[in-house]
Amino acid sequence: MKNITIIGTGYVGLVTGVGLSEFGNNVICADINDDKILKLNAGKIPIYEPGLEEIIKRNVQNNRLFFSSDISSSIKKSEVIIIAVGTPQSDSGDADLQYVYSVVKAIKENLNDYKVICTKSTVPIGTGKKITKILKTNFKENSDFNYVSNPEFLREGSAVKDFLWPDRIIIGTSSLIAFETMCDVYRPLYINKSPISHTSVETAEMIKYASNSFLALKISYINEIANVCELVGADVHDVANAMGKDGRISDKFLHPGPGFGGSCFPKDLESLSAIAIEHGFQMNTLKAAIKANKKQKIQMCNKLESLFDGELKNKEIAVLGLAFKANTDDIRESSSIDMINFILSKGGFIRAYDPIANDAMSKLFSNISYFQDVYAAIKNADALVIMTEWNEFRSLDLMRIRKEMNGKFILDTRNIVNMKELSSLGFVYDNVGRIKI
Ligand code: NAD
Ligand code: UGA
């Protein structure tokens, strides 16, 4: 059991803090956002993540989980400090490390004893070395530290499960003491022989980028296969299922869709590409995946326009799903944003609905209409576009929709609506790479 401070209480920091307290550690989740900390201390959860609220409550009640906006004292109180702030994409494509370095500065100022300094944020390869150098410059007496890179692989929407039952834990450090400390932090998993790998800092940093990039490549690949399926009369679901039965390929992340979004794949591909170029190497596969993804988003907009024979002006389009994937309120880099911008640019009107992400999207688009349920959104709409694979969109009352919509057009960018039913009800529809019925 360790005393741990996580700095940055966002999607990753909060889940990590809560998960580590569930493992029996004493955890302070620290953030400079006072509002967030006030909310958490009042028992309110600032993000939507299934299963999170219950586990927060349990660990707060057990006095193992605390929230604080006092970064200095939080650092002083703990032996393990985990950096989990954002690393967004800068204009040049590189990761913007200003938040990471501002935390490093705070850590340096508050090093009062031996500490393990651990980065969980996704950072360019070589960042660990730079952080170590900063911390070692004008080193204070009576303070010592070891550095660890411990990248995170959780997915939004299944973050709690992913954190508590991870496929692997990567601990990148040159210090045996720090490695053993981190094994203690993850003790319940360590006892269960969960695969903990000990690597160098640089290898750990690279494992994170290589993993995200590979998953993104897989999605871009199946999206392109889907596009070709449409041209040659093949069905992408049958293709993906059959491909997935080959253990070397696996059926995961072979679901075609409107292009990948989220706060990580787009920026991490750009960042790895920028790192490679910095070292004199161009990663052609990454460039191709990024390009294919941008094209996929445009392809969805073109599909919608084609349903109307090119005339979207003054059309009312119901957009179902705003989050970048199901089970999250996160809209960062969501393909819905591209779709909304496209419809607006063509003079159409948006009737938007998402079970959770209406509020988040309204901060980006205040000029579109938001509805509280599917049937209010589709009322008198000329077309319906499904952008996110929320479960409730898998079981729509299509008969009712056919009656209450003004038009008969449906674009299903997630391939979740039954094509037979759509046909029998007289809808004109399109999806991604399927043989239409
Ligand atoms: P986020 O934007 O949700 O949260 C970042 C938090 O850091 C915010 O609450 C912000 O207020 C806080 N912060 C910023 N500067 C601070 C400072 N100086 N001191 C204290 N707090 C500060 O970000 P996120 O989605 O949780 O991502 C964090 C990192 O984890 C990124 O590097 C990301 O690439 C990586 N990651 C994210 C996911 C994911 O699913 N979101 C998964 C794996 C890895
Ligand atoms: C992704 C990775 O899956 C995590 O392992 C990683 O920790 C995280 O990025 C990160 O570094 O932030 P996340 O972005 O939360 O997780 O969500 P995913 O489930 O990977 O989905 C990303 C995007 O790909 C979504 O837009 C999703 O709709 C799309 N996707 C995913 C597909 O289009 N097809 C698929 O088969 C899978």
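Residues numbered from 1 in each chain as written. Chains lettered and ligands numbered in written order. Predicted model: local features only at pLDDT ≥ 70, side-chain atom pairs only at ≥ 80, totals over all residues. Heavy atoms only, no water.

Enquirer: When you look at the nonpolar core in this model, what are you seeing that I'm missing?
Expert: A general tendency of soluble globular proteins is for nonpolar side chains to be buried together. With 60 residues, the main nonpolar core has L304 and I401 as its most contacted residues. Per-element accounting of this core gives the leading share, five residues, to helix α14 (residues 335-345). Once residues lying within four places of it in the same chain are set aside, the contact partners of L304 are L312, I317, M339, I343, A383, V385 and L411. With 39 residues, the next largest nonpolar core counts L52, I56, V116 and V185 among its residues. (Core = buried A, V, L, I, M, F, W, Y, C linked by side-chain atoms within 4.5 Å. Buried < 20%, exposed > 50% of the residue type's maximum accessible area, 1.4 Å probe, protein only. Helix = DSSP H or I, 4+ residues; strand = E, 2+ residues; numbered from the N terminus. Contact = heavy atoms within 4.5 Å.)

Enquirer: What's the story with the pairing of strand β6 (residues 144-149) in this structure? I'm lost.
Expert: Put simply, side chains in a regular strand alternate between the two faces of the sheet. In terms of residue burial, β6 counts as a mostly covered element, since five of its six residues are buried. As paired elements, strand β5 (residues 114-119) and β6 share six bridges and run parallel to each other. Following the sheet pairing, I117 is matched in β6 by Y147. (Pairing = 2+ DSSP bridges.)

Enquirer: Explain the site of ligand 1 here, please?
Expert: Around ligand 1 lies a shell of 28 residues, among which D31, K36, T87, E156 and K267 are the nearest. Separating an oxygen atom of ligand 1 from a side-chain N or O atom of D31 is a distance of 2.6 Å. A distance of 3.0 Å separates a nitrogen atom of ligand 1 from a polar atom in the side chain of S102. Here ligand 1 loses 88% of its free accessible area of 840 Å² to cover by the protein chains. Broken down by element, the shell around ligand 1 gets its largest block of residues, three residues, from helix α5 (residues 98-109). Here the residues of the shell around ligand 1 are counted per class, giving 11 nonpolar, 10 polar and seven charged. (Near = heavy atom within 4 Å. Polar contact = N/O pair within 3.5 Å; in protein donor to acceptor, adjacent residues only side chain to side chain. Areas by Shrake-Rupley, 256 points an atom, 1.4 Å probe, with all protein chains shown as cover. Nonpolar A, V, L, I, M, F, W, Y, C, P; charged D, E, K, R; others polar.)

Enquirer: Before we go on, may I ask you to explain the site of ligand 2 in this structure?
Expert: F153, L154, K208, C264 and R414 are the nearest of the 19 residues found near ligand 2. Interatomic distance of 2.8 Å between a backbone N/O atom of E156 and an oxygen atom of ligand 2. Contacts to ligand 2 include R414, whose side-chain N or O atom sits 2.8 Å from an oxygen atom. Contact with the protein chains removes 90% of the 700 Å² of surface that ligand 2 exposes when unbound. Element by element, the count of residues in the shell around ligand 2 is highest for helix α10 (residues 201-232), at four residues. The residue inventory of the shell around ligand 2, partitioned by class, reads 10 nonpolar, three polar and six charged.

Enquirer: Which parts of the structure should I look at to understand the environment of L254?
Expert: Of note, L254 is situated in the loop between α11 (236-244) and α12 (265-278). Considered as a pair, L254 and D96 are 158 residues apart in the sequence and their alpha carbons are 30 Å apart. Setting aside anything within four residues of it in sequence, one finds L254 in contact with K218, I222, A240, M243, G244 and I249.

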